[in-house]
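In case you want the letters, here they are:
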Amino acid sequence: MRQGEKRIERDLVGAYASLFVHRWDQYALQQRDGSYWRITEQLTLDLLAAHLLGRCTLGTYLLDVGESCQFAVFDADSDQGLEQLAALASDLLQEGIPTTLEASRRGGHLWLHLQTPTAARAVRSWLLPFASIYGVELYPKQDSLHPGGSGSLIRLPLGVHRKSRHWYPFVTCSPDGILVPVGETVAECCQWLGERVERVMVPERVLASETRGGFCPVGGETVGGVSSTGAVAPARGAIRSWCLGQDIEAVIGRFVSLDRRGVGSCPFNEHHRQGDVRPSFQVFGGDNPHWYCYTWGRAGDLFDFLCLYYGLTPQEGWARLQRGELL
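Predicted model only: the values in this text are computed from it and were never measured.

Cut-offs used in this document
Each residue is numbered by its place in its chain's sequence as written, counting from 1. Residue-level local features of this predicted model are given only where pLDDT is at least 70; pairs of side-chain atoms are given and counted only at 80 or more, and the full residue set underlies all totals for whole chains, interfaces and linings. Note: side-chain values were computed over all heavy atoms of the structure, leaving out hydrogens and water. Two rings belonging to Phe, Tyr or Trp (six-membered ring only in the last case) form a pair when the distance between their centres is within 6.5 Å. Interplanar angles under 30 degrees mark stacking, angles over 60 mark edge-to-face geometry, and anything in between is tilted. Secondary structure elements are taken from DSSP: a helix is a run of H or I of four residues or more, a strand is a run of E of two residues or more, and numbering for both begins at the N terminus. In this scheme, a residue with accessible area under 20% of its type's maximum is buried, one over 50% is exposed, and one in between is partly exposed, where area comes from a 1.4 Å probe on protein chains only. Paired strands, in this sense, are two strands between which DSSP finds at least two bridges. Interaxial angles span 0 to 180 degrees and are taken between N-to-C directions of axes, which are lines fitted to C-alpha atoms, for helices over the stretch in contact. Whether two residues touch is decided by their heavy atoms; if any such pair falls within 4.5 Å, the residues are in contact.

Draft legend 1. Spotlight on the packing of aromatic side chains. If you walk through the whole model with that rule in mind, you get 15 aromatic pairs. With centroids separated by 5.4 Å and ring planes inclined at 50°, the aromatic side chains of Phe-71 and Trp-111 adopt a geometry described as tilted. Remark: Trp-111 occurs in strand β6 (residues 108–119) and Phe-71 occurs in strand β4 (residues 68–76); sequence separation between them is 40 residues. Neither Phe-71 nor Trp-111 differs from the other in exposure class; each is buried. Ring geometry for Phe-281 against Trp-291: centres 5.6 Å apart, planes inclined by 25°, an arrangement best described as stacked. In this pair, Phe-281 sits in strand β15 (residues 281–284) while Trp-291 sits in strand β16 (residues 290–293), placing the two residues ten residues apart along the sequence. Accessibility expressed as a relative area gives 0% for Phe-281, which makes it buried. Take Trp-291: its relative accessible area is 0%, and that puts it in the buried class.

Pasting the structure below:
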């Protein structure tokens, strides 16, 4: 693979921007160690062109000031992450949800583009069950923005990762089941994206359930809390209410020894090669109660924690929650 360009056509930059930039009033600049600096200035097509040519590397914030997004990203940072996301992409396509798969330094990113800006809360309600089932992260990570905050960001695709000094293409599955690059250069990848990306709408049933706090199924219609596939459907609105009604530090403290800052050793040892020797797991209370593992790079609410701890799918966790058996 080669980056290959000394310049890139303006129309390709514009098409790229229409797919991967939703918030234009700020962006992030990646540093050599892979971290980002937030830049509170207008993002321009010239900057995006520089990113695509490898002269700088940019990150984009998913949520606008109205707490809407126009794309979502599944992120898997592991040796088998790309294959894991390819399987998720196949399952999503069976549900009529097209995606595009990007390789990354560790694993990959699976992009889902929306036809119109949509409330992050509804997007996450729709897609979080898929992320939970496959054990991957979902961006945006927040339903809403804290005052003065920007929310989560993700590296814009096709730029050079400052830590690895490589760029990573989008990939597709060949007829014999092998993941292959869609192009040899950045320009070829941009051209492919402009021709192939399909946008989708969040299902009306999800938008309606968010409005009334009802059920949000993984797949199939919901009738009386049971999907057409026969599985009990997780009610994300009800789950959020339940989580907010719990003392997350006290509950997780039953499973993990936490210090006064809510820090302890991560209980999910499969993501720590030699165990979590230097505690990297932290629990946060307040208005946005959640946990985060700094080594794994994954966050979740109390429901997510309990499902992971007990090895439950969201549907199984929801069924236990309804029976009062989750705690």
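Draft legend 2. Region of the structure containing helix α10 (residues 314–322). If you check which residues of α10 are buried, you get Pro-314, Gln-315, Gly-317, Trp-318, Ala-319 and Leu-321. In the segment just after α10, Gly-324 is the residue with positive phi, at about 75°.

Draft legend 3. Highlighting the sheet that holds strand β1 (residues 27–30). Here four strands make up an open sheet; going across it, the order is β2-β1-β3-β8 and the pairing antiparallel. A strand with exactly one partner marks an edge of an open sheet, and here the two such strands are β2 (36–39) and β8 (153–155). Between one strand axis and the next, the sheet turns through 30° on average, direction left out of account. With two bridges joining them, β1 and strand β3 (residues 58–61) adopt antiparallel strand pairing. Within β3, the position partnered with Leu-29 by the bridge is Leu-58.

Draft legend 4. Structural view of the environment of Lys-163. Summarising the element assignment, Lys-163 is placed in the loop between β8 and β9 (170–173). Ignoring sequence-local partners within four residues, the contact set of Lys-163 consists of Arg-32, Asp-33, Gly-34 and Arg-105.

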